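For reference, the chains in residue letters:
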6 protein chains.
Amino acid sequence: MTTWLPTLKTATPEAGYDLAAKLARVAIKMTQPDAAVRDTLRPVYAEDADALIASSQVVATHFATVAAANDYWSETS
Amino acid sequence: MTTWLPTLKTATPEAGYDLAAKLARVAIKMTQPDAAVRDTLRPVYAEDADALIASSQVVATHFATVAAANDYWSETS
Amino acid sequence: MTTWLPTLKTATPEAGYDLAAKLARVAIKMTQPDAAVRDTLRPVYAEDADALIASSQVVATHFATVAAANDYWSETS
Amino acid sequence: MTTWLPTLKTATPEAGYDLAAKLARVAIKMTQPDAAVRDTLRPVYAEDADALIASSQVVATHFATVAAANDYWSETS
Amino acid sequence: MTTWLPTLKTATPEAGYDLAAKLARVAIKMTQPDAAVRDTLRPVYAEDADALIASSQVVATHFATVAAANDYWSETS
Amino acid sequence: MTTWLPTLKTATPEAGYDLAAKLARVAIKMTQPDAAVRDTLRPVYAEDADALIASSQVVATHFATVAAANDYWSETS
């Protein structure tokens, strides 16, 4: 049985950041499951500063969760 | 006696994410209880990048809560 | 002496969610104490996707607080 | 020596909520110190659903802080 | 060697709030380093309710961090 | 093997703030990988108060994470 989210643990902070970006994208896919529509929207918001900043905010919120789940990768310090 | 939210505990991170999405939807249903109106709104915001990103932000906030409630599913690491 | 917020503790997660929704509404009442004006605004934002999503965000933020106050209802798991 | 914020501790959750609302207002006063201008803005945003919801969001963020500072008023449970 | 942010610790909650406001302003200076441009923008957003509320939100987020860094100034209670 | 995010630990609060600003920028680069497009957007949002405030909000969210990862730089107090 596969899952897109087996764990919040990642080996490195960078992998945690990538996971946060993925967590942000999945909610958008759930609300708009049609990939063709999403492909239409992407070039629009990718050239819109407000949308880019708002996307970055969602990643920031998820990154806080992922970082806490990994105890801030304390062993890499 | 039934409840739509018996617990914040979920078996897996993926199920926790689904619960976060549900938590985001319920507030919208409370404010707009008329399903017919919601059905009218959905296709509009599902094709609007700003609304999709804002929805994803709400899921992110709830996911932080659900993940903390599950101690970040620490035994699945 | 009555209070609208005697405690953040609730018996169940669902009651905690209802409290979060109440906490979101009270700030709006404080800023706009005139119930007649609020009644005028409600049908407008209840049919506006952006406003519904923003409302859901406020509930999400309060729900995080209420859930933490209840230790995530850990005994109900 | 007086201060507008001697402590984050409050006797009750309701007083904590009032403090959160005060914390939200102070930032606005700092950015717009002219009371006459603020008085002009208030009737506008008090009749604007988006502004009311955004204000409620700020209160929610501060309430999370105040509630944590008071250990969620655990002795009142 | 000077720094604009030597510590997150402050003597009082009020000083912590001032630090939060400073933390909010610095990000804006980083993105718009030209003081002349910032001086042009300030009177505009200082008379715009939405911008004032959004600014207050940023202060709220930083205040949560500063308050946690100071253990909510627990000895002042 | 290089990484743009080897650790969340920083020597000082100021370096932590810079890291938060970097974390905010990276998400924008991921969504809009074309540097030429980003260069076109930057002067626009750098003169837009709403975009500047929204950017500052993203930095604030990341700063909360970085500060927690560094235990609020408690030894610098």
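Residues numbered from 1 in each chain as written. Chains lettered and ligands numbered in written order. Predicted model: local features only at pLDDT ≥ 70, side-chain atom pairs only at ≥ 80, totals over all residues. Heavy atoms only, no water.

Draft legend 1. Representation of the relation of the copies chain E and chain F within the structure. Aligned on chain F, chain E shows an RMSD of 0.0 Å; the corresponding rotation is 60° and the shift along the axis is 0.0 Å. The superposition of one copy onto the other is thereby described by a six-fold rotation axis. Across chain E, the smallest distance between a C-alpha and the rotation axis is recorded for E:Thr61, namely 6.8 Å. Of all interface residues in chain E, a mere 14% are interface residues in chain F too; the two copies therefore contact each other through different surfaces. (Least-squares fit on C-alpha atoms with pLDDT ≥ 70 in both. Contact = heavy atoms within 4.5 Å.)

Draft legend 2. Highlighting the interface of chain E and chain F. Taken together, the contact pairs 29 residues of chain E with 27 residues of chain F. At the boundary of chain E with chain F, the tally comes to 9 residue pairs in polar contact (both at pLDDT 80 or more). Top contributing element to the side of chain E that touches chain F by residue count: helix H3 (residues 49-69) of chain E, with 10 residues. Considered class by class, the residues forming the side of chain E that touches chain F number 18 nonpolar, 9 polar and 2 charged. (Polar contact = N/O pair within 3.5 Å; in protein donor to acceptor, adjacent residues only side chain to side chain. Helix = DSSP H or I, 4+ residues; strand = E, 2+ residues; numbered from the N terminus. Nonpolar A, V, L, I, M, F, W, Y, C, P; charged D, E, K, R; others polar.)

Draft legend 3. Highlighting the packing of aromatic side chains. As enumerated under the stated definition, the model contains 18 aromatic pairs over all chains in all. Measuring from centroid to centroid gives 5.9 Å for B:Phe63 and B:Trp73, while their planes differ by 20°, and the two rings are stacked. Here B:Trp73 lies in the segment after helix H3 (49-69) and B:Phe63 lies in helix H3, a separation of 10 residues in the sequence. Here the aromatic cluster, defined as three or more aromatic residues joined through ring pairs, consists of A:Trp4, B:Tyr17, B:Phe63 and B:Trp73. (Phe/Tyr/Trp six-rings, centres within 6.5 Å; stacked < 30°, edge-to-face > 60°.)

Draft legend 4. Spatial organisation of the relation of the copies chain A and chain B. Mapping chain A onto chain B is achieved by rotating through 60° and translating by 0.0 Å along the same axis, at an RMSD of 0.0 Å. The residues that chain A uses at the interface reappear at the interface of chain B in only 17% of cases, marking distinct surfaces.

Draft legend 5. Seen up close, the environment of A:Thr31. Inspection of the secondary structure assignment puts A:Thr31 in helix H1 (residues 13-31). A:Thr31 gets classed as buried once you look at its relative accessible area, which sits at 14%. Other than its neighbours up to four places away in sequence, A:Thr31 contacts B:Arg42, B:Tyr45, B:Ala46, B:Leu52 and B:Ser55. (Buried < 20%, exposed > 50% of the residue type's maximum accessible area, 1.4 Å probe, protein only.)

Draft legend 6. Looking closely at the arrangement of the chains. Across the gap from chain A to chain C, with no contact made, the nearest C-alpha atoms are 12 Å apart. Where chain C comes nearest to chain E, the C-alpha atoms are still 12 Å apart, and the two do not contact one another.

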